[in-house]
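Observations on chain architecture
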Amino acid sequence: MNIPNNINILLVEDNPTDAEMTIRSFKKNNLDSLVFHVNDGAEALDLMYLKGEYSDFNISGIKLILLDLKLPKIGGLEVLKILKNDPNKKEIPIVILTSSAEEKDIVEGYKLYANSYIVKPVDFTQFSKAIQDIGYYWLSLNKYKP
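So, here's what we can say about the structure. (Residues numbered from 1 in each chain as written. Predicted model: local features only at pLDDT ≥ 70, side-chain atom pairs only at ≥ 80, totals over all residues. Heavy atoms only, no water.)

1. Notes on the packing of helix α1 (residues 16-28) against helix α5 (residues 124-141)
It is the contact of α1 with α5, at a shortest axis distance of 9 Å, that shows an interaxial angle of 60 degrees. Comparing their axes, α5 and α1 come out oblique. As for how α1 packs across α5, the hand of that crossing is right-handed. Of the residues in α5, those in contact with D18, M21, T22, R24, S25, F26 and K28 of α1 are F124, F127, S128, I131 and G135. Taken together, the residues that form the contact of α1 with α5 break down as five nonpolar, four polar and three charged. (Axes fitted to C-alpha atoms, helices over the stretch in contact; angles between N-to-C directions. Helix = DSSP H or I, 4+ residues; strand = E, 2+ residues; numbered from the N terminus. Parallel < 35°, antiparallel > 145°, perpendicular 65-115°, else oblique. Left-handed = near helix turned anticlockwise from the far one by under 90°. Contact = heavy atoms within 4.5 Å. Nonpolar A, V, L, I, M, F, W, Y, C, P; charged D, E, K, R; others polar.)

Written out as structure tokens, the structure is:
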């Protein structure tokens, strides 16, 4: 596995099309080299806790986690709960980026201390703009030191 020197954004997304569109949108804004993509909640937790194939990774530069909710193995809300309950990880901003606009998901996400909840736009142009805005805000405007 190619081990990146630094990860600024962890993308947790099981839908290959959505992951590709997200990465392409970051690439358009020259942020793609800082994005690392995992496909499910278990893989996200393995990375965040440096387990298995991720034991040699450097996660000290993570400034943002983009988290889908409907994930295989371990769901997004469970990943959120685990990370926000960990004193060593709770300060990492986690933005839920999902297709679910269900009120119960939004309420539960904020109860578990999500930093933001964004419903993925269906239109590619709007989706790309939303990703650009997320990247600009969380990596440029927001002041966070991992």
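Anyway, onward from the coordinates.
2. Some points on a nonpolar patch on the surface
Taken together, Y136, Y137 and L141 make up a surface patch of nonpolar side chains, about 330 Å² in accessible area. Mapped onto the fold, Y136 is located in helix α5. (Patch = residues over 30% accessible without salt bridge, like charges linked within 9 Å, V, L, I, M, F, W, Y side chains within 5 Å. Areas by Shrake-Rupley, 256 points an atom, 1.4 Å probe, with all protein chains shown as cover. Salt bridge = Lys/Arg side-chain N within 4 Å of Asp/Glu carboxyl O.)

3. Here's the deal with the environment of D18
One can find D18 in helix α1. Owing to a relative accessible area of 16%, D18 belongs among the buried residues under this scheme. Residues D18 and K28 lie 10 residues apart in sequence; the distance between their C-alpha atoms is 15 Å. In this view, D18 contacts E13, K120 and F127; residues no more than four positions away in its chain are not counted. (Buried < 20%, exposed > 50% of the residue type's maximum accessible area, 1.4 Å probe, protein only.)

4. Description of helix α3 (residues 76-84)
Considered for burial, the residues of α3 that qualify are G76, V79, L80, L83 and K84. For α3, the angular spread of buried residues about the axis comes to 115 degrees, placing them on one side. (Arc of directions from axis to C-beta.)

5. Comments concerning the nonpolar core
Membership of the largest hydrophobic core comes to 26 residues, with the highest contact counts inside it found for L10 and I65. No other element matches helix α2 (residues 41-48), which puts four residues into this core. (Core = buried A, V, L, I, M, F, W, Y, C linked by side-chain atoms within 4.5 Å.)

6. Some remarks on unusual backbone geometry
Of note, L50 is a non-glycine position whose phi angle comes to about 50 degrees, a positive value. In this structure, L50 sits in the loop between α2 and β3 (64-67). By relative accessible area, L50 is classed as partly exposed at 34%. You will see that Y113, though not glycine, has its phi angle at about 75 degrees, which is positive. With respect to the helices, strands and loops of the structure, Y113 is situated in the loop between α4 (103-111) and β5 (116-119).

Purely geometric numbers; function is a separate question.
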